[in-house]
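Spelled out, the chains give:
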Amino acid sequence: MTEIKKKRDGFGSKIGIIAAAAGSAIGLGNIYRFPCELGNNGGAAFLLVYLVVVIFLGVPVMLSELAIGRRSQSNAVGAFKKLAPKSAWPLVGYLGVLCGFIIFAFYSTVSGWTLEYIVKAVTNSFRGKDLATIEQDFADFHNMGWRNVMWQAVFIFLTGFVVFKGVQDGIEKYAKILMPLLFVILVVLGIRSVTLPGAGEGLSFLFKPDFSKITGKVLINALGQGFFSLSLGMGVLITYGSYIKKSDNLTSTAFSVVIADTLIALLAGIVIFPAAFSFGINPKAGMGLVFNTIPMIFNQMAGGYFFCIIFFVLLAIAALTSTISLLEVVVAYVSEQLHIKRQWATIVACAISLLVGAFASLSLMENTPFTICGKTMFDAMDFISSNVMLPLGGMLIVIFVGWKMGKSQFFAEVANEGALKAPMKAIIYFIIRYLAPLAIAVVFVTGLIK
Ligand code: TRP
């Protein structure tokens, strides 16, 4: 994309934008991280808080990012430089770029597992195995640290390949077809899961809240998960917003993405928990929860061999459309602000991510030396990015729109300079200016005091 100066790359169609933004949002965060967090944070009580976060903060924060991006026609750092010249606001963009690196580093670890599991599925290595054996295989795989790093490297390479080619024929093309397919296979899996013996217990765990379980820790984890799942708080949607056409409707884009993302997370919950309870897998199993439950379901299913392959392929692709957005934030910043060719920016960013990411992978081996404050490097990267940097970034972004960019610019952008009515804009702006910063700050403080 050497022609950056002449014409910025952009999305070609309305459905392409939604697909790309939903592609960024929908990923391992929904299918892997959401069930893990829900299992570790009291089940339905967590779901309740999560839904409140997503409904009341998801759309306003997302719309703030999209508006900043499209108004400025720039990357996560450049956007703040343009809209607030000679101020400290670009620091929010730098925070985002740094956060993108950290997330890409540990996210690519789990993305790599999806490739290992494609191979396992193709070679039919789950067939006839009981739970104990499947769990042991998963643990053994983690102890092969370098095998993890190898798959991680393959995944980072794939991400780099797409980003290397640029926005329109890279990101858009893949996301458009494959996301709906993922939805379909999750529905099929969900039907199998809820009809397993003993599934009811899993459904109650998921949907019957025990309010006494809502603690400061649950609040901050739900907030972090909400931001993580919607790709908020680090400038993905500022960057993507800058590629959206001036005539497209930002509000409906934000609503569509939030709804699609939440639907997929809910479906993942409906797939995982009834089956986990049915097989006797502990909902607090963490990393193993999804990777052990899914093969067990396919073992109980007609055509399980083929469905299993399709599932892991789609999971890998869902992860890919997410890592693409992470890398795109970094590459857009480096290529536009530092005037380094897009291709070189991609190569260097991938190399650094692999270097940092290898520590995340190797930190999951037994007796690993790679720990910080008693946490594995993997968990430490996850915690600092999702529970600290994303909410902080999100809070600063809404404060920026509510108090610096201001009502008239925000309204102009959201209503396409008056071409659209955008009837929700006043209420959303109210949330952006008052409620969202306050809510994030309160949750942040309660969570960190714990
Ligand atoms: N939202 C993605 C998921 O749920 C992960 C992701 C992609 C992300 N880009 C992001 C998370 C930016 C936070 C910020 O899998």
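Remember, it's a predicted structure, so these values are computed and weren't measured experimentally. (Residues numbered from 1 in each chain as written. Predicted model: local features only at pLDDT ≥ 70, side-chain atom pairs only at ≥ 80, totals over all residues. Heavy atoms only, no water.)

Caption draft 1: Structural view of the overall build of the chain. Each helix and strand in the chain was counted, giving 18 helices and two strands. Taken over C-alpha atoms, the radius of gyration comes to 21 Å for the chain, in line with the 22 Å a tight globule of 450 residues would show. On the principal axes, the C-alpha backbone points of the chain span a range of 60 × 50 × 40 Å. Roughly 17,100 Å² of accessible area belongs to the chain as shown, and the carbon and sulfur atoms make up 70% of that amount. Each charge sign in the chain was given a centre, from 34 positive and 22 negative side chains, and these centres are 10 Å apart. (Helix = DSSP H or I, 4+ residues; strand = E, 2+ residues; numbered from the N terminus. Rg over C-alpha atoms; globule rule 2.2 N^0.38 Å. Areas by Shrake-Rupley, 256 points an atom, 1.4 Å probe, with all protein chains shown as cover. Lys, Arg positive; Asp, Glu negative; His and termini not counted. Charge placed at Lys NZ, Arg CZ, Asp CG, Glu CD.)

Caption draft 2: Structural view of the nonpolar core. Counting residues in each nonpolar core, the largest one holds 153 residues, and the members touching the most others are Met62, Ile68, Ile103, Ile294, Phe311, Phe312 and Phe410. Counting residues per element, this core draws most heavily on helix 14 (residues 304-337), at 19 residues. Setting aside residues no more than four positions away along its own chain, Phe312 makes contact with Thr114, Tyr117, Ile118, Phe126, Phe291 and Ile294. (Core = buried A, V, L, I, M, F, W, Y, C linked by side-chain atoms within 4.5 Å. Buried < 20%, exposed > 50% of the residue type's maximum accessible area, 1.4 Å probe, protein only. Contact = heavy atoms within 4.5 Å.)

Caption draft 3: Local environment of the site of the ligand. Neighbouring residues of the ligand: 17 residues in total, closest Ala25, Gly29, Tyr107, Phe228 and Ser231. One nitrogen or oxygen atom from the main chain of Ala25 is found 2.8 Å from an oxygen atom belonging to the ligand. Between the ligand and Asn30 there is a distance of 3.4 Å, counted from an oxygen atom to a side-chain nitrogen or oxygen. For the ligand, whose accessible area on its own is 360 Å², the fraction buried by protein is 100%. Among the secondary structure elements, those contributing two or more residues to the shell around the ligand are helix 1 (14-25), helix 2 (28-40), helix 5 (90-122), helix 10 (216-230) and helix 14. (Near = heavy atom within 4 Å. Polar contact = N/O pair within 3.5 Å; in protein donor to acceptor, adjacent residues only side chain to side chain.)

Caption draft 4: Quick peek at the packing of helix 15 (residues 342-362) against helix 16 (residues 377-405). Following both chains from N to C, one finds helix 15 and helix 16 inclined at 120°, their axes separated by 6 Å at the closest point. Contacts between helix 15 and helix 16 involve Val356, Phe359 and Ala360 on the former and, on the latter, Met377, Phe378 and Met381. In terms of residue class, the contact of helix 15 with helix 16 is built from six nonpolar, no polar and no charged. (Axes fitted to C-alpha atoms, helices over the stretch in contact; angles between N-to-C directions. Nonpolar A, V, L, I, M, F, W, Y, C, P; charged D, E, K, R; others polar.)

Caption draft 5: Unusual backbone geometry, seen in detail. Even without a glycine there, the phi angle at Asn416 is positive, about 50°. Judged by relative accessible area, which is 9%, Asn416 ranks as buried. Positive phi, close to 55°, is recorded for Glu417, a residue that is not glycine. Structurally, the position occupied by Glu417 is in the loop between helix 17 (407-414) and helix 18 (425-449).

Caption draft 6: Region of interest: the environment of Ser386. Along the polypeptide, Ser386 turns up in helix 16. Note: C-alpha distance between Ser386 and Asn148 (238 residues apart in sequence) is 22 Å. Not counting residues up to four positions away in its chain, the partners in contact with Ser386 are Arg33, Phe106, Gly224, Phe228 and Pro391. At 3.3 Å, the side chain of Ser386 and the side chain of Arg33 are in polar contact.

Caption draft 7: Representation of the pattern of salt bridges in the model. For the structure shown, the criterion picks out 10 salt bridges. Arg33 serves as the salt-bridge partner of Asp382, at 2.7 Å between the closest nitrogen and oxygen. Linking Asp382 in helix 16 with Arg33 in helix 2, this pair joins segments that are 349 residues apart in sequence. A single burial state applies to Asp382 and to Arg33, both of which are buried. (Salt bridge = Lys/Arg side-chain N within 4 Å of Asp/Glu carboxyl O.)

Caption draft 8: Examining the packing of aromatic side chains more closely. A full pass over the atoms with the stated rule returns 32 aromatic pairs. With a centroid separation of 5.1 Å and 75° between ring planes, the pair formed by Tyr117 and Phe291 is classed as edge-to-face. Residue Tyr117 is found in helix 5, and its partner Phe291 is found in helix 13 (residues 287-299); the two are separated by 174 residues along the sequence. Since its relative accessible area comes to 1%, Tyr117 is described here as buried. Residue Phe291 is classed as buried on the basis of its relative accessible area of 1%. (Phe/Tyr/Trp six-rings, centres within 6.5 Å; stacked < 30°, edge-to-face > 60°.)

Caption draft 9: Here's a closer look at the side chain of Ser111. Tracing the backbone through its elements, the reader meets Ser111 in helix 5. A residue is classified by how much of its surface remains accessible, and Ser111, at 0% relative accessible area, is buried. Other than its neighbours up to four places away in sequence, Ser111 contacts Leu28, Phe155, Ala319 and Thr323.

Caption draft 10: Up close: the side chain of Thr262. Among the structural elements, Thr262 can be located in helix 12 (residues 250-279). Judged by its relative accessible area of 11%, Thr262 is buried.

Caption draft 11: Quick peek at helix 6 (residues 131-143). Helix length check: helix 6, at 13 residues, gives a terminal C-alpha distance of 19 Å against a target of 18 Å (1.5 Å per residue), a fit within 8%. Looking only at helix 6, the buried set comprises Leu131, Ile134, Phe138, Phe141 and His142. Burial along helix 6 is one-sided: seen end-on, the buried residues are contained in an arc of 100°. (Expected span 1.5 Å × (residues − 1). Arc of directions from axis to C-beta.)

Caption draft 12: Fine view of a nonpolar patch on the surface. A contiguous nonpolar surface patch, about 820 Å² in accessible area, is contributed by Phe164, Leu338, Ile340, Trp344, Ile347, Val348, Ile352, Leu355 and Val356. Per element, the largest residue contribution to the nonpolar patch is six residues, and it comes from helix 15. Along the polypeptide, Ile347 turns up in helix 15. Among the residues examined, Ile347 registers a relative accessible area of 42% and is labelled partly exposed. (Patch = residues over 30% accessible without salt bridge, like charges linked within 9 Å, V, L, I, M, F, W, Y side chains within 5 Å.)

Caption draft 13: Region of the structure containing the packing of helix 9 (residues 199-207) against helix 12. The N-to-C vectors of helix 9 and helix 12 enclose an angle of 135°; their axes lie 7 Å apart at closest approach. The orientation of helix 9 with respect to helix 12, classified from their angle, is oblique. In this structure, helix 9 meets helix 12 at a crossing whose hand is right-handed. Here helix 9 contributes Ala199, Glu201, Gly202, Leu203, Phe205, Leu206 and Phe207 to the contact with helix 12, which in turn contributes Leu266, Gly269, Ile270, Phe273, Pro274 and Phe277. Among the residues forming the contact of helix 9 with helix 12, the class breakdown is 10 nonpolar, two polar and one charged. (Parallel < 35°, antiparallel > 145°, perpendicular 65-115°, else oblique. Left-handed = near helix turned anticlockwise from the far one by under 90°.)

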